[in-house]
Amino acid sequence: MWWDSWADLGRILAVGAAAYVSLVVVLRFSGKRTLAKLNAYDLVVTVALGSVLATILLSSDVSWAEGLTALALLAALQMLVAWASARWGGVRSVLTARPTLLFREGRPLPGPMEEQRVTLDEIRQAVRASGSGDLADVAAVVLETDGSFSVVPSSKIGNWSAFEGVAGAEVGATGDQGA
């Protein structure tokens, strides 16, 4: 349908402007973490916020007040989950996956790659994107909790202390990389 009425367009303009301002206020109040790209849960909340905004704009069955309540609820729940996960490791482990070592000292790790459904071509792409052209110069490639790849060149690996908590890169008590 190409056209319904001026009233529908006016509603979208009025409610859309109010919803936009409301979303900005809610996001400002809830803090940076609400839209952080940290894990799958954060992504779901971000998509849900967008979906609520679209519903407020396009559905005349949803009032601005109902939409604002939904936006505020999602932001409040995100704040609660972020607060709980920062304080209790058990909550964090339920909501976020551990980062995983996929490539070590110039060699791919087939088990973790298969488990995480990552191909060698994807690792090569991440290495190229990091500015390196030789896999032999790469000490580690990690699939992070947000789905991004971290590439650490051999010249910068140090004692592997930044790899504490990374699956497959257990660090010993002395800080040396374990098996």
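Description of the structure in this document.

Thresholds, definitions, all that
- Residues numbered from 1 in each chain as written.
- Predicted model: local features only at pLDDT ≥ 70, side-chain atom pairs only at ≥ 80, totals over all residues.
- Heavy atoms only, no water.
- Axes fitted to C-alpha atoms, helices over the stretch in contact; angles between N-to-C directions.
- Helix = DSSP H or I, 4+ residues; strand = E, 2+ residues; numbered from the N terminus.
- Parallel < 35°, antiparallel > 145°, perpendicular 65-115°, else oblique.
- Contact = heavy atoms within 4.5 Å.
- Nonpolar A, V, L, I, M, F, W, Y, C, P; charged D, E, K, R; others polar.
- Buried < 20%, exposed > 50% of the residue type's maximum accessible area, 1.4 Å probe, protein only.
- Expected span 1.5 Å × (residues − 1).

In contact at an axis separation of 9 Å, helix 2 (residues 40–58) and helix 3 (residues 64–87) are set at 170° when each is read in the N-to-C sense. Judged on the interaxial angle alone, helix 3 and helix 2 are roughly antiparallel. Residue-level contacts link Tyr41, Asp42, Val45, Ala48, Leu49, Val52 and Ile56 of helix 2 to Gly67, Leu68, Ala70, Leu71, Leu74, Leu77, Gln78 and Val81 of helix 3. A class-by-class count of the residues in the contact of helix 2 with helix 3 yields 12 nonpolar, 2 polar and 1 charged.

With the exception of glycine, most residues fall at negative phi, and the peptide bonds are largely trans. For Glu105, which is not glycine, the phi torsion reads 50° and is therefore positive. Tracing the backbone shows Glu105 in the loop between strand 1 (100–104) and strand 2 (107–108). On the accessibility criterion, Glu105 (43% relative accessible area) is partly exposed. Non-glycine residue Trp160 carries a positive phi angle of around 70°. Here Trp160 shows up in the segment after strand 4 (149–153). For Trp160, a relative accessible area of 7% puts it in the buried group.

Quick look at helix 1 (residues 6–30) now. Its 25 residues give helix 1 an end-to-end C-alpha distance of 35 Å, which sits within 8% of 36 Å, the value for a rise of 1.5 Å per residue. Those residues of helix 1 that sit buried are Val15, Gly16, Ala19, Ser22, Leu23, Val26 and Ser30. Its buried side turned inward, helix 1 meets helix 2 and helix 3. A positive backbone phi angle near 95° is found at Gly31, which sits one or two residues after helix 1.

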